[in-house]
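# Architecture at a glance
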Amino acid sequence: MFGLLFAVALNQGIRGLEIYRLIYFMPVVTNIVAVAIIFQWLLNRNFGITNAWVWQLAESTGWNIAPPDWLNSSVWAKPAVVLLTVWKNVGFTMVIYLAGLQAVPDSLYDAAKVDGASSWQRFRYVTIPMVSPTTFFLLVIQMIGAFQLFSEPFVLTRGGPAQATLSIVYYIYQNAFEFGRMGKATAIA
C-alpha cells in the first residue's frame, strides 16, 4: 500500500523527482544488518529517538503513558520487526508500481476525465484495476520474502522475547546451528 502511494506521488511531474526516488529506494540497497542495528538504537527504551518522541507527546498532552520497550516486549517486538521490514521493502514495491503505472495508457485517464470522473474515481476505477497484475506479482514476491525472513529478527531480537519474532528460517537456523539438531532442521526445511 505504501509503495503504491509513493509510486503515485512520484509518478507526477515534480521537481527533483530522481532525488525522491533515490531516497525512497535507498533502504532496499542498504545492508540489512546495518539498518537493523540503527533500528535497535532508534527503538531503545532508554535513549531511543522513538521513545523520546513518546515522552515528549506524554509531557505535552499531560497523559501518563510510558513508551513501550520495543525490543524486549513480546507485544511490541513483532511490530518492531514489521516496521523494519516494511521500511526496507517499500522502495522495491514503489519501483515496481512505478513501472506498472507508466504502462497505464493516458487515454484511459483522458476518457475518465471526459466522463466527469474525479481524481479519486480515476484512481479507483482506472489506476487500481490497471495495476492489479503488478499488485498480484508483488503479493507473490512479498509472500516468498515473508517465508525467508531471517536477518531482521536475528539482528533485532534474536527470535524475540518468548519467541515472539521467531520466523521459520530462524527456527531452522536455531535447530541446526545452535542446538545441533541437523535432522530436525532438515525435516523443518
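Now for a quick tour of the structure.

In this structure, Gln121 sits in helix α7 (residues 119–130). When near neighbours in sequence (up to four residues on either side) are disregarded, Gln121 contacts Gly116 and Val126.

Next up on the list: the packing of aromatic side chains. On inspection of all chains with the given rule, the structure shows 11 aromatic pairs. With 5.5 Å between their ring centres and 50° between their planes, Tyr173 and Phe177 make a pair best called tilted. Of this pair, Tyr173 and Phe177 both sit in helix α10 (residues 168–178), 4 residues apart, roughly one helical turn. What makes Tyr173 partly exposed here is its relative accessible area of 26%. An aromatic cluster is defined as three or more aromatic residues linked by ring pairs; in this entry it consists of Phe150, Phe154, Tyr170, Tyr173 and Phe177. In this structure, Arg158 packs its charged tip against the face of Phe154, placed 4.2 Å from the ring centre.

Side chains three or four residues apart in an α-helix point the same way, a direct result of the helix having 3.6 residues per turn. Helix length check: helix α5 (residues 77–102) (26 residues) gives 38 Å between terminal C-alpha atoms against 38 Å at 1.5 Å per residue, within 8%. In α5, a bend of some 35° at Asn89 exceeds every other bend along the element.

Reading the values: the criteria
Residues numbered from 1 in each chain as written. Predicted model: local features only at pLDDT ≥ 70, side-chain atom pairs only at ≥ 80, totals over all residues. Heavy atoms only, no water. Helix = DSSP H or I, 4+ residues; strand = E, 2+ residues; numbered from the N terminus. Contact = heavy atoms within 4.5 Å. Phe/Tyr/Trp six-rings, centres within 6.5 Å; stacked < 30°, edge-to-face > 60°. Buried < 20%, exposed > 50% of the residue type's maximum accessible area, 1.4 Å probe, protein only. Lys NZ or Arg CZ within 6 Å of the ring centre and 35° of its normal. Expected span 1.5 Å × (residues − 1). Bend = angle between axes of the 7 residues up to and from the residue.

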